[in-house]
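Given next are the chains, with one letter for each unit.
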Amino acid sequence: MNRTDLVQALTSVCDNHGMAHQFEFADSEISRIHRTAEGCNIEFSAALVSARQANETPGREPQRRYSNGLRLVLAPCPPAVAGEAQAFGLLASGWLQRGLQRLSVLPVPSDYQAEVLSLHLQFANGLQMQLSGSSLRCEASEQARQVEVLAC
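To keep things clear, this report deals only with the structure shown in the data block.

## Examining unusual backbone geometry
Move 1: Of the consecutive residues Ala75 and Pro76, the connecting peptide bond is found in the cis state with omega at -10 degrees.
Move 2: With respect to the element layout, Pro76 can be found in the loop between strand 4 (70–75) and strand 5 (89–98).
Move 3: Cis geometry is found at the peptide bond from Val108 to Pro109, where omega equals 0 degrees.
Move 4: Within the secondary structure, Pro109 is located in the loop between strand 7 (105–107) and strand 8 (110–123).

## Considerations on the nonpolar core
Move 1: Ranked by internal contacts, the top residues of the largest apolar core, which has 29 residues, are Phe23, Ile42, Phe44, Leu72, Leu106, Leu121 and Leu136.
Move 2: Ignoring anything within four residues of it in the chain, the contact list for Ile42 reads Ile30, Arg32, Ile33, Leu70, Arg71, Leu72, Leu119 and Leu131.

## With respect to the packing of aromatic side chains
Move 1: Counted according to the given criterion, the structure contains two aromatic pairs.
Move 2: On the numbers, 4.9 Å between centres and 65 degrees between planes, the contact of Phe23 with Phe25 is edge-to-face.
Move 3: Note on Phe25: relative accessible area 0%, which makes it buried.
Move 4: Arranged with centres 5.0 Å apart and planes meeting at 65 degrees, the rings of Phe23 and Phe44 form a pair that is edge-to-face. Remark: Phe44 occurs in strand 2 (residues 40–53) and Phe23 occurs in strand 1 (residues 19–35); sequence separation between them is 21 residues.
Move 5: A relative accessible area of 0% means that Phe23 is categorised as buried.
Move 6: Taken together, the ring pairs connect Phe23, Phe25 and Phe44 into an aromatic cluster.
Move 7: Over the face of the ring belonging to Trp95 we find Arg102, whose NZ or CZ atom lies 3.6 Å from the ring centre.

What counts as what
- Residues numbered from 1 in each chain as written.
- Predicted model: local features only at pLDDT ≥ 70, side-chain atom pairs only at ≥ 80, totals over all residues.
- Heavy atoms only, no water.
- Helix = DSSP H or I, 4+ residues; strand = E, 2+ residues; numbered from the N terminus.
- Core = buried A, V, L, I, M, F, W, Y, C linked by side-chain atoms within 4.5 Å.
- Buried < 20%, exposed > 50% of the residue type's maximum accessible area, 1.4 Å probe, protein only.
- Contact = heavy atoms within 4.5 Å.
- Phe/Tyr/Trp six-rings, centres within 6.5 Å; stacked < 30°, edge-to-face > 60°.
- Lys NZ or Arg CZ within 6 Å of the ring centre and 35° of its normal.

The quantities given are spatial measurements derived from coordinates; they are silent on function.
Right, here's the structure in full:
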């Protein structure tokens, strides 16, 4: 097991507060996609995040909240992203393709490395995007605010 695999395994188990946090693509809302020195930043105005206590009873529903401080960083940034003015809004679905593995939920934080990673985004307005890179980082800012999901 290499260092990246170990970090991924640890972050999927729990964070510093004893809770496992999972980002869900579907029903999350992208505020913008833009190029930075780090790569292609995909910023969320409302990212659906589930949290489960480490000692929680199996079968119990995780706590679901929206966070305004989550971002994905894909590197290197594909050249086609710079002109995507319509790439914002509600996601109907999305996933990260890493080899044969298709992930629609990502641990927060997490870091993925591979020769080829493919990020698929399906917007509720019908726009579809596929972005490729060799690394993807999922992270939450410390200033992020969270609100409960009030849907019935």
